[in-house]
Amino acid sequence: MNAMTENWIAIGKLEDIPLRGSRCVKNGDMTIALFRTADDQVFALEDKCPHKNGPLSQGIVHDGCVTCPLHNWVISLSSGTAQGADEGSTMTFPVKVEDGDILLSLDGHKE
Amino acid sequence: MKKKLVIIGNGMVPGRMLERLYDQAPDLYDVTIFNAEPRVNYDRIMLSPVLSGEKTYEEIIIHGDGWYIDRNITLYKGHKVTEIDRQAKTVSTNTGETVSYDKLVIATGSNPFIIPVPGHDLPGVLTYRDLDDVEAMLLAAQSRDKAVIIGGGLLGLEAAAGLKERGMDVSVVHLMPTLMERQLDEAAGHLLQRELEGRGIKIYTSSNTKQIVGDGKVEGLELEDGTIIPASLVVMAVGIRPNAQIAQEAELDVGRGIQVDGRMVTSDPDIYSLGECAEVGGQVYGIVAPLYETARIAADHLAGVPCEAFKHSETATKLKVTGIDLYSLGDFGQGDDREEIVLRDAQAGIYKRLVIQDNKIIGVVLYGDTSDGAWFNNLLKTGEDISEMRETLIFGQAYQGGTPLDPSAAVAALPDDAEICGCNGVCKSTIVDTIKEKGLTTLDDVRAYTKASASCGTCTGLVEQLMSVTLGDSYNPAAITPMCGCTDLGHDDVRRLIKAKELKTIPDLMQALEWKTSCGCAKCRPALNYYMVCDWPNEYADDYQSRFINERVHANIQKDGTYSVVPRMWGGMTSSTELRAIADVVDKFDIPAVKCTGGQRIDMLGIKKEDLPAVWADLGKAGFVSGQAYAKGLRTVKTCVGSDWCRFGTQDSTGLGIKLEKFMWGSWTPAKLKLAVSGCPRNCAEATCKDIGVVCVDSGYEIHFAGAAGLDIKGTEILGNVSTEDEVMEHVVALAQMYREQGRYLERIYKWAKRIGVDEIRAQIMDNAEMRKAYYDRFVFSQKYAQVDPWNERVSGKDKHEFKPMADLTLEPAE
Ligand code: SRM
Ligand SMILES: Cc1cc2nc3c(=O)[nH]c(=O)nc-3n(C[C@H](O)[C@H](O)[C@H](O)COP(=O)(O)OP(=O)(O)OC[C@H]3O[C@@H](n4cnc5c(N)ncnc54)[C@H](O)[C@@H]3O)c2cc1C
Ligand code: SF4
Ligand code: FES
């Protein structure tokens, strides 16, 4: 994948997402969760935990990961994979921040 | 087409077999399991810790429902197989299912043996085999005071210790002259008896049961010599019988158990048997180590992987009673051709005995100090000639080769294939390699990845020593348990340092206390946030991103991502206006479910997150505030009707409950805090199992605390008696504040009280008026900042972003 061939969609400003927090973007039936980490990086994952589809957007964000609110699986924001002894992965989407605008691509990828 | 594998019985052994089978050949079989017990596979070995209260059932589950779902296994819980039709290759159940198989595994375990004395079928006579038995014993422990255990073997003594722990008056009746005679020699049996008697358990050895007496239910047990022991609960733990009935009916070869060859195949080549029901090489087994071996072999064979045939090996026995260390292995009978080496240390309560034949160890009994068990086991297994070290052998590994070694050096010196965890058959090199490969640093991780110390737990010490040997200084098992992986500090240190160093924000704290991660984790952040809220009520800005979702959005998340909303109904009182407002909200927002909670109020379930503010707005108009059903904070104050209505009511329990709730709502606490006020000792508000309870009496009020009725069940302790409502308020509030200041995050009040000591709490709250007043004042001060209805705040716009998606690409593709 390279940036030239991707379709970037502007979805809002960096400040729209609370620091160490998350917001959702609806795309038809799918919900995509955008996360902002303590160091202002932004990541996008499908809002579905690989365990039992828990809404990851509602979890606690820490160290490049989010802890699912339903049963505490820890999911890496960059790769979408479950950490520790748990196994599974969630779809990730390319996302970048340019001049404070968040740009999302719907070209999802699963490990 | 996948082949059909059907398994009868879902115990520990077939569970282990399936793990191995899925590792070896994940796609070979469609698996169906029938289990007579209505549950998943759990660690039966750990039933005694569940009985004694050291573990919960949830903690001993081996494979949760998800495990079966992930592997597409059909698990029929609560279905008993009643017939195997070998011609048609089907099995049928008592619920009318018939399923066909290509390969069948019979793993029906054992049945506890019931001695057929008169009275054996009276209500109140139990066996000890599964969770139902434990639950029945716990129920009996609540309401009954005396229990007799028949059988002084491993199971019987674990049951006795567990029931004693639960507050029963326990006797053990044992047929033989010494306890656990199959595993222990006489001397060790006596030491064990002394220890148990010291704990208040009565022991009758050389005693045979004549009958169980009682009219309609158990009332006692009569011995052959005429002695009558009063009892309202009798537990028979006299042995087990392989459960081979269905195999017998299907005309498979059955001896003591279902006979199998070294590959676990029965007399029918398509039927396997393993676990306690199987007889292999003329032996049946009743502990998991050899049984897991049968599981491994059957799995390999089913997967078509070459493997060796089953070989008998000696396995060690340990008793899982906290504070009693005993270990026995092999053959320790006496004989002309045998010699023994014995070591006794009366002061320390230690007894060790080795039985030697032809310069080899053939039996080991250790009591009081079992740390060399693994080493002796290894010598026994390898058949090493011990003549060189005969003089020092009994002192253990540390004394071999001159200077005594420290214990971890002894562990370091164990050979790579030394077995560390007997239950799960994990050897030293597996543990060390996994620690290195996966970079494991905690005991929990090692358990998750290697299974070592994950069953009965008696090898935990060894595993920890292996961890220190492998990880060096970075692992220190003796240290205080750290809050989480982000720090080495425990909760109490952190709380102390927050005050001492005046740390008032989470980033400040992480800097000052050298947190190892950039911004903590989901374990420490909510704890730190609570400590800050509690210690700096007027200064600290609550960090919502450090709160669990329920507390962040002030509603309870449900399994499908919707929310539930529970408004306060003060003291459980409501009115037609309130009920009408709730009914209107339910209709307007199409709320799918409405339920009366166990906390005397109404729960509306299945609300979409986007709708929450509007739901709250409508509820707010009717005067409702948040019930904080999600909070580590004050939940409900249950009340009964009291002197307002009840013919027995001694005081206005409803009024007092409402007063307490109105005074205390909004306060955050280490874990949830639930109160109740009952109008008389009939206690209809169940005040004696609450975090804090008040029981009204003629002369005033009895204040209770530290009850539990959730994961644990425990009656309250009495704090003391007071005579006016104002005094109740002051004492209850002061107690709550003391708990707020000292409790560790997620520690319920009964656990805190156990740690601090009930007497200490009484001394500070009942006897020291000055301290009580100071606690009370600090609570009142913090309430000024806490009693803000979070729903109203959000209706007025706070945290708007939480409830609205950031963008909807379906509506307006932003291109
Ligand atoms: C709604 C309710 C069940 C009901 O329909 O009656 C309920 C529902 C839940 N309880 Fe409960 N408990 C409810 C009364 C109780 C009671 C009975 C009582 O309060 O009188 C208990 C036993 C007493 C006690 O508190 O221990 C109880 C012991 C638990 C426990 C075990 C706590 C423990 O430390 O032992 C949990 C798990 C936990 O907190 O970690 C729990 C957790 C939960 C959670 C929050 C599970 C979760 O994390 O999602 C459930 C939330 C459902 C929801 O979204 O509303 N619930 N729960 C009750 C709400 C009462 C209320 O009005 O606020
Ligand atoms: C309290 C206690 C403490 C123990 N402590 C230890 C210990 O410290 N160390 C140790 O090694 N071992 C210990 N054991 C023994 C160990 O738990 C067993 O050896 C082991 O669980 C046997 O496993 P299994 O799979 O053969 O049978 P089980 O675990 O007994 O499972 C058999 C299952 O099959 C089901 N079943 C039976 N008949 C049918 C049927 N017709 N249709 C469908 N399902 C059926 C039963 O309901 C049961 O769930 C202990 C046992 C108990 C009860
Ligand atoms: S409401 Fe309570 S008891 Fe019921 S399922 Fe949920 S946590 Fe368990
Ligand atoms: S759904 Fe995410 S941990 Fe269970």
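It should be emphasised that the depicted structure is a prediction, and the values quoted were computed from it without experimental measurement. (Residues numbered from 1 in each chain as written. Chains lettered and ligands numbered in written order. Predicted model: local features only at pLDDT ≥ 70, side-chain atom pairs only at ≥ 80, totals over all residues. Heavy atoms only, no water.)

Student: I tried to follow the overall build of chain B on my own but got confused; where do I start?
Tutor: For chain B, the count of helices and strands is 27 helices and 41 strands. Residue burial in chain B is summarised as follows: out of 815 residues, 52% are buried. By sequence separation, contacts in chain B at least 24 residues apart represent 61% of the contacts at least 6 residues apart. Of the accessible surface of chain B, which amounts to about 35900 Å², a share of 48% is contributed by carbon and sulfur atoms. (Helix = DSSP H or I, 4+ residues; strand = E, 2+ residues; numbered from the N terminus. Buried < 20%, exposed > 50% of the residue type's maximum accessible area, 1.4 Å probe, protein only. Contact = heavy atoms within 4.5 Å. Areas by Shrake-Rupley, 256 points an atom, 1.4 Å probe, with all protein chains shown as cover.)

Student: Help me understand the overall build of chain A, please; the structure alone is not making it clear to me.
Tutor: A tally of helices and strands in chain A yields 0 helices and 10 strands. Buried residues in chain A amount to 53% of all 111 residues. A fraction of 38% describes how many contacts in chain A between residues 6 or more apart in sequence connect residues 24 or more apart. Total accessible area on chain A is roughly 4900 Å²; 44% of this is exposed by carbon and sulfur atoms.

Student: Please clarify how the packing of helix 22 (residues 725-742) of chain B against helix 23 (residues 749-756) of chain B should be interpreted in this entry.
Tutor: Working note: a packed helix pair is described by the angle between its axes plus the distance between those axes. Residue and element names in this part refer to chain B. Two elements in contact, helix 22 and helix 23, have axes separated by 11 Å at closest approach and are oriented at 80 degrees. Comparing their axes, helix 23 and helix 22 come out roughly perpendicular. When helix 22 is examined against helix 23, the residues L735, M738, Y739 and Q742 are found in contact with a partner set consisting of I749, W752, R755 and I756. Across the contact of helix 22 with helix 23, the residue classes break down as 6 nonpolar, 1 polar and 1 charged. (Axes fitted to C-alpha atoms, helices over the stretch in contact; angles between N-to-C directions. Parallel < 35°, antiparallel > 145°, perpendicular 65-115°, else oblique. Nonpolar A, V, L, I, M, F, W, Y, C, P; charged D, E, K, R; others polar.)

Student: It is not clear to me how the pattern of salt bridges should be interpreted in this structure. Could you clarify?
Tutor: Between side chains of opposite charge, pairing is possible as soon as their charged atoms come close. Enumeration according to the criterion identifies 53 salt bridges over all chains in this entry. Two residues, D543 of chain B and R20 of chain A, come together in a salt bridge whose shortest N-O distance is 3.1 Å. Linking D543 of chain B in the loop between helix 16 (524-535) and helix 17 (549-553) with R20 of chain A in the loop between strand 1 (8-13) and strand 2 (21-27), this pair reaches from one chain into another. Under the relative-accessibility criterion, R20 of chain A is labelled buried at 16%. Two residues, D542 of chain B and R547 of chain B, come together in a salt bridge whose shortest N-O distance is 2.8 Å. When its relative accessible area of 26% is taken as the criterion, D542 of chain B is described as partly exposed. Judged by relative accessible area, which is 5%, R547 of chain B ranks as buried. Each of the salt bridges in this network shares a partner with another, and the network as a whole consists of R20, E293, R296 and D300 of chain B. (Salt bridge = Lys/Arg side-chain N within 4 Å of Asp/Glu carboxyl O.)

Student: Whenever I open this one, the site of ligand 1 confuses me. Can you help?
Tutor: Around ligand 1, the structure places 19 residues, and the nearest of them are Q558, T597, G598, R601 and K674 of chain B. One nitrogen or oxygen atom from the side chain of R748 of chain B is found 2.8 Å from an oxygen atom belonging to ligand 1. (Near = heavy atom within 4 Å. Polar contact = N/O pair within 3.5 Å; in protein donor to acceptor, adjacent residues only side chain to side chain.)

Student: Would you take a moment to explain the sheet that holds strand 1 of chain A for this structure?
Tutor: Think of a sheet as strands paired side by side through backbone hydrogen bonds, with each pair either parallel or antiparallel. Residues and elements named next belong to chain A. Here 3 strands make up an open sheet; going across it, the order is 1-10-9 and the pairing antiparallel. The open sheet is flanked by strand 1 and strand 9 (95-98), the only strands paired with a single partner. Here the strands of the sheet are splayed against their neighbours by 30 degrees on average, with no regard to which way each runs. Across 5 bridges, strand 1 lies against strand 10 (residues 101-105) in antiparallel orientation. When the bridges of strand 10 are listed, G12 appears paired with I102. (Pairing = 2+ DSSP bridges.)

Student: Just checking my understanding: could you explain the interface of chain B and chain A for this structure?
Tutor: For interface size, the figure often reported is the accessible area lost on association. At the junction of the two partners, chain B supplies 34 residues and chain A supplies 35 residues. When chain B packs against chain A, close to 2700 Å² is buried across both sides, 59% of that on carbon and sulfur atoms. In terms of surface lost to chain A, no three residues of chain B exceed Q545, M806 and L809 of chain B, which account for 26% of the buried area on that side. If you look at where chain B meets chain A, you find 1 salt bridge. Remark: the boundary between chain B and chain A carries 13 residue pairs in polar contact (both at pLDDT 80 or more). Broken down by secondary-structure element, the contributors of at least two residues to the side of chain B that touches chain A are helix 12 (443-450), helix 16, helix 17 and strand 41 (807-808) of chain B. Residue classes in the side of chain B that touches chain A are distributed as 15 nonpolar, 9 polar and 10 charged. (Buried area = accessible area lost by both parts, 1.4 Å probe.)

Student: What exactly am I supposed to notice about the pairing of strand 33 (residues 602-607) of chain B here?
Tutor: The side chains of a regular strand alternate, residue by residue, between the two faces of the sheet. Residue and element names in this part refer to chain B. Of all 6 residues in strand 33, 5 are buried; the element is thus mostly enclosed. Pairing analysis gives 3 bridges linking strand 31 (residues 563-565) to strand 33, with the strands arranged antiparallel. Counted as the bridge partner of Y563 is I607 from strand 33. Pairing geometry for strand 32 (residues 593-596) and strand 33, over 4 bridges, is antiparallel. Bridging across to strand 33, C596 finds its partner in I602.

Student: How should the state of the cysteines be read in this particular structure?
Tutor: In protein chemistry, a disulfide is the covalent bond that joins the sulfur atoms of two cysteines. Per the stated rule, a full pass over the model turns up 0 disulfides over all chains. Its sulfur unpaired, C519 of chain B is 8.5 Å from the next cysteine sulfur, which belongs to C486 of chain B. (Disulfide = S-S within 2.5 Å.)

Student: Got a minute to help me understand a negative patch on the surface in this structure?
Tutor: All names here are of chain B. A cluster of acidic residues, D416, D417, D433 and E437, forms a negative patch on the protein surface. Positionally, D433 belongs in helix 11 (residues 428-438). Judged by relative accessible area, D433 falls into the partly exposed class, the value being 41%. (Patch = residues over 30% accessible without salt bridge, like charges linked within 9 Å, V, L, I, M, F, W, Y side chains within 5 Å. Lys, Arg positive; Asp, Glu negative; His and termini not counted. Charge placed at Lys NZ, Arg CZ, Asp CG, Glu CD.)

Student: For this particular structure, what's the right way to read the packing of aromatic side chains?
Tutor: Two numbers describe a pair of aromatic rings. These are the distance of the centres and the angle of the planes. All names here are of chain B. As enumerated under the stated definition, the model contains 15 aromatic pairs over all chains in all. Relative to W67, the ring of Y22 has its centre 6.5 Å away and its plane inclined at 80 degrees; by these criteria the two rings are edge-to-face. Placement of Y22 in helix 1 (residues 12-24) and of W67 in helix 3 (residues 65-70) is noted, with a sequence separation of 45 residues between them. Residue classification places W67 among the buried residues on the basis of a relative accessible area of 15%. Of note, R16 hangs over the ring of Y292, and the distance from its end group to the ring centre comes to 4.0 Å. The lysine or arginine in question, K504, covers the ring of W536, its NZ or CZ lying 4.5 Å from the ring centre. (Phe/Tyr/Trp six-rings, centres within 6.5 Å; stacked < 30°, edge-to-face > 60°. Lys NZ or Arg CZ within 6 Å of the ring centre and 35° of its normal.)

Student: Can you walk me through the environment of S678 of chain B in this structure?
Tutor: Residue and element names in this part refer to chain B. Take S678: it is sitting in strand 35 (residues 673-678). In this structure S678 comes out as buried when scored by relative accessible area, which is 0%. Non-local contacts of S678, meaning those with residues more than four positions away in its chain, are made with C640, S653, N683, C684, A685, E686, A687, V694, V695 and C696. Here the side chain of S678 touches N683 through a polar contact of 2.6 Å, side chain to side chain.

Student: So what exactly am I meant to see when it comes to the side chain of T32 of chain B here?
Tutor: As for its position among the elements, T32 of chain B is in strand 2 (residues 29-35). With sequence-adjacent residues up to four places away left out, T32 of chain B is seen in contact with L5, V6, I7, T74 and Y76 of chain B.

Student: Where do I start with the sheet that holds strand 13 (residues 169-173) of chain B in this structure?
Tutor: All names here are of chain B. If you trace the 5 strands from one edge of the open sheet to the other, you get 11-18-12-13-14, paired in parallel fashion. Edge positions in the open sheet fall to strand 11 (125-127) and strand 14 (202-204), since each of these has one partner strand only. Across the sheet, the axes of successive neighbouring strands diverge by a mean angle of 20 degrees, strand direction being ignored. Sheet topology places strand 11 next to strand 18 (residues 233-236); 3 bridges connect them, and they run parallel. Note that in strand 18 the partner of L126 across the bridge is V235.

Student: So what exactly am I meant to see when it comes to the nonpolar core here?
Tutor: Generally speaking, a soluble globular protein has its nonpolar side chains buried in company with each other. Residues and elements named next belong to chain B. In terms of nonpolar packing, the biggest core is built from 123 residues, with M17, L18, L163, L192 and L393 touching the most fellow members. Counting residues per element, this core draws most heavily on helix 8 (residues 288-303), which supplies 9 residues. Dropping the residues within four chain positions of it, L18 is found in contact with I7, V31, I33, W67 and I73. In terms of nonpolar packing, the next biggest core, distinct from the first, is built from 64 residues, L528, C534, Y563 and W791 among them. (Core = buried A, V, L, I, M, F, W, Y, C linked by side-chain atoms within 4.5 Å.)

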